[in-house]
Amino acid sequence: MGKAITTLEVDGQSIEVTSPNKLLFPDEKISKGELVDYYRDVAGFMVPHLTGRPLTLHCFPSGIAARGYFQKAAQEHFPAYVHRLAVASHSGETVYAVADNAAALVFLASQNCLVFHPCNVLRDRLDRPDLVIIDLDPSDDDFAKVRHGARLLRDLLPALGLVPFVKTTGSRGLHVVAPIHRELDCDGVSEFARKVAQYLVATDPMRFTMDINKKKRGDRVFVDYLRNGQAQTVVAPYSARALPCAPVAVPIGWDELDDPELDARRWHIRNVRERLRDLGDPWRDIHRHARSLADAGETLASL
């Protein structure tokens, strides 16, 4: 008997999904077919956050119970509608996949990609980020500390002339980001983010740390500014995570931080579509709010 295959039509492209009944999240009985359907359904909300960005793919061909792998290079068998983008680095050149359309997103999901990690740069200026990112990564499950950090950033960034946005990571923390004009290179943006992290830690050193060494963090929240470095990535809005219950990284409104039921895994692939139908994407116009980091850096230095 041959291998089971289903075919999806997405934006005029026929995409074959092999082994659609294979369980990728065995405890929840979430199959590969269900995951692919999820990405098809949220593509309209997710693709705008991926368009033009080099992608690192986190793939799990045997499901989350087995070890997955990270894939940067686009494979030769990827169809033409999965666009390519050559990125030079110290170690050579890597040709990344780019999901500029719904068919590309669905195809990559059909290749056992569970998690999508885009860079914060676009194809036309690969050295100039358009987002500054602060990752609040807790050392334990005390989400109150993460909320507190996000609120501090919500107050700080507008004082620097920036417009902050927030999303759950689908893991344990929150990402606070601000759209920026593409004026500074990755090093410059990373240096600005480092100073923001320093400010946060100085404000409350009992709750926050910049220490990369996990053993030295104790129960403090790691304020990770390193996501802004060259070729660094961050989990995409509406990407699933390779964790029990298939949680999803979800942009939220700032008022939702007050919801006592909020945590980083509040939404998963079986309930986030209802949210999107009711509320849409809080980040749909995020880049209309881009601001200059040059002035922001000067203001921060004076605080």
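Check the entry above for the structure.
Just so we're clear, the structure is a prediction, and the values are computed from it rather than from any experiment.

Draft legend 1. Quick look at the packing of helix 1 (residues 32-46) against helix 6 (residues 272-279). Packing of helix 1 against helix 6 leaves a shortest axis separation of 11 Å and a crossing angle of 25°. As far as their axial angle goes, helix 6 and helix 1 are roughly parallel. Along this stretch, helix 1 crosses helix 6, giving a crossing that reads as left-handed. Here Asp37, Tyr38, Asp41, Val42 and Phe45 of helix 1 come into contact with helix 6, specifically with Val272, Arg273 and Leu276. Split by residue class, the contact of helix 1 with helix 6 holds five nonpolar, no polar and three charged.

Draft legend 2. Seen up close, the packing of helix 1 against helix 2 (residues 102-110). Running from amino to carboxyl end, helix 1 crosses helix 2 at an angle of 155°, the nearest separation of the two axes being 9 Å. Regarding the angle of helix 1 to helix 2, the classification is roughly antiparallel. For the crossing formed where helix 1 meets helix 2, the hand is right-handed. Residues Lys32, Val36, Tyr39, Arg40, Ala43 and Met46 of helix 1 lie in contact with helix 2, whose contacting residues are Ala102, Leu105, Val106, Ala109 and Ser110.

Draft legend 3. Just the packing of aromatic side chains, in detail. Counted under the stated rule, the structure contains five aromatic pairs. With 5.0 Å between their ring centres and 75° between their planes, Tyr39 and Phe116 make a pair best called edge-to-face. Residue Tyr39 is located in helix 1, and its partner Phe116 is located in strand 9 (residues 113-118); the two are separated by 77 residues in the primary sequence. As far as the burial class goes, Tyr39 and Phe116 line up, both buried. Site record: aromatic cluster; members linked through ring pairs are Tyr38, Tyr39 and Phe116. Lying over the aromatic face of Phe222, Arg217 brings its terminal NZ or CZ to 3.9 Å of the ring centre. Directly above the aromatic system of Trp267 lies the positively charged group of Arg275, at a separation of 4.3 Å from the ring centroid.

The rules we used
Residues numbered from 1 in each chain as written. Predicted model: local features only at pLDDT ≥ 70, side-chain atom pairs only at ≥ 80, totals over all residues. Heavy atoms only, no water. Axes fitted to C-alpha atoms, helices over the stretch in contact; angles between N-to-C directions. Helix = DSSP H or I, 4+ residues; strand = E, 2+ residues; numbered from the N terminus. Parallel < 35°, antiparallel > 145°, perpendicular 65-115°, else oblique. Left-handed = near helix turned anticlockwise from the far one by under 90°. Contact = heavy atoms within 4.5 Å. Nonpolar A, V, L, I, M, F, W, Y, C, P; charged D, E, K, R; others polar. Phe/Tyr/Trp six-rings, centres within 6.5 Å; stacked < 30°, edge-to-face > 60°. Buried < 20%, exposed > 50% of the residue type's maximum accessible area, 1.4 Å probe, protein only. Lys NZ or Arg CZ within 6 Å of the ring centre and 35° of its normal.

On their own, these measurements won't tell you what the molecule is for.
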